[in-house]
Amino acid sequence: MAETARATLRASDVVARPRGRELALLLPGAGPDAAARALERLRAALEALPRGEARVPPLAIGAVTCVTPPADLNQALQRAYQLMYAAPRTGRVTLQAETFAEAPAPSAVA
């Protein structure tokens, strides 16, 4: 699956394995529309993988696009994990995505 992701995404994108069997995809410079198109291509490529005799469990993709780089990347990653684990297990590749925007820092009052 990681090889499929690498073959489907741009050369500048990063496929990482942060923990266990999960994959993290970093799509630098991809806005929400470009990220959605890339993830839809990836979903279609994963759906097309031959299943063979081994039962492949349903796959879920949790995706977060950031309007501005987050001050704490862990918050964006945590939200992606929440989306991934909330995705319905349908026997297919399920994609849940949203745009992550941090609350603006409180402004200083003079």
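Data block above holds the structure.
Just so we're clear, the structure is a prediction, and the values are computed from it rather than from any experiment. (Residues numbered from 1 in each chain as written. Predicted model: local features only at pLDDT ≥ 70, side-chain atom pairs only at ≥ 80, totals over all residues. Heavy atoms only, no water.)

Draft legend 1. Molecular detail of the packing of aromatic side chains. Overall, the coordinates contain one aromatic pair when judged by the stated rule. A centroid spacing of 6.4 Å and a plane angle of 20° characterise the contact between Y81 and Y85, whose relative ring orientation is stacked. A residue pair is termed a helical-turn pair when its members lie 3 or 4 positions apart in one helix, as Y81 and Y85 do in helix α3 (residues 73-86) at four residues. (Phe/Tyr/Trp six-rings, centres within 6.5 Å; stacked < 30°, edge-to-face > 60°. Helix = DSSP H or I, 4+ residues; strand = E, 2+ residues; numbered from the N terminus.)

Draft legend 2. The side chain of T65, seen in detail. Structurally, T65 can be placed in strand β3 (residues 59-66). Its relative accessible area of 14% is what places T65 among the buried residues. A distance of 3.1 Å separates the side chain of T65 from the side chain of T99, its partner in a polar contact. Apart from the residues within four sequence positions on either side, T65 is in contact with P32, A35, E98, T99 and F100. (Buried < 20%, exposed > 50% of the residue type's maximum accessible area, 1.4 Å probe, protein only. Polar contact = N/O pair within 3.5 Å; in protein donor to acceptor, adjacent residues only side chain to side chain. Contact = heavy atoms within 4.5 Å.)

Draft legend 3. Quick peek at α3. Its 14 residues place the ends of α3 20 Å apart at the C-alpha level, agreeing with the 20 Å of an ideal helix rising 1.5 Å per residue. Within α3, the full set of buried residues consists of A76, A80, Y81, L83 and M84. Taken end-on, α3 shows its buried residues confined to a sector of 160°, consistent with a single buried face. Exposed residues pointing more than 90 degrees away from the buried face of α3 are listed as N74 and A86. In this fold, the buried residues of α3 make contact with β3 and β4 (93-100). (Expected span 1.5 Å × (residues − 1). Arc of directions from axis to C-beta.)

Draft legend 4. Spotlight on the side chain of T4. Residue position: T4 is located in helix α1 (residues 2-8). Aside from chain neighbours lying at most four places away, what touches T4 is L42, A45, L46 and L49.

Draft legend 5. Representation of the pairing of β4 within the structure. Note: β3 against β4, eight bridges, orientation parallel. What sits directly across from V64, in β4, is E98. Traced from β3 through α3 to β4, the parallel crossover comes out left-handed. (Pairing = 2+ DSSP bridges. Right-handed = clockwise from strand over helix to strand, strands pointing away.)

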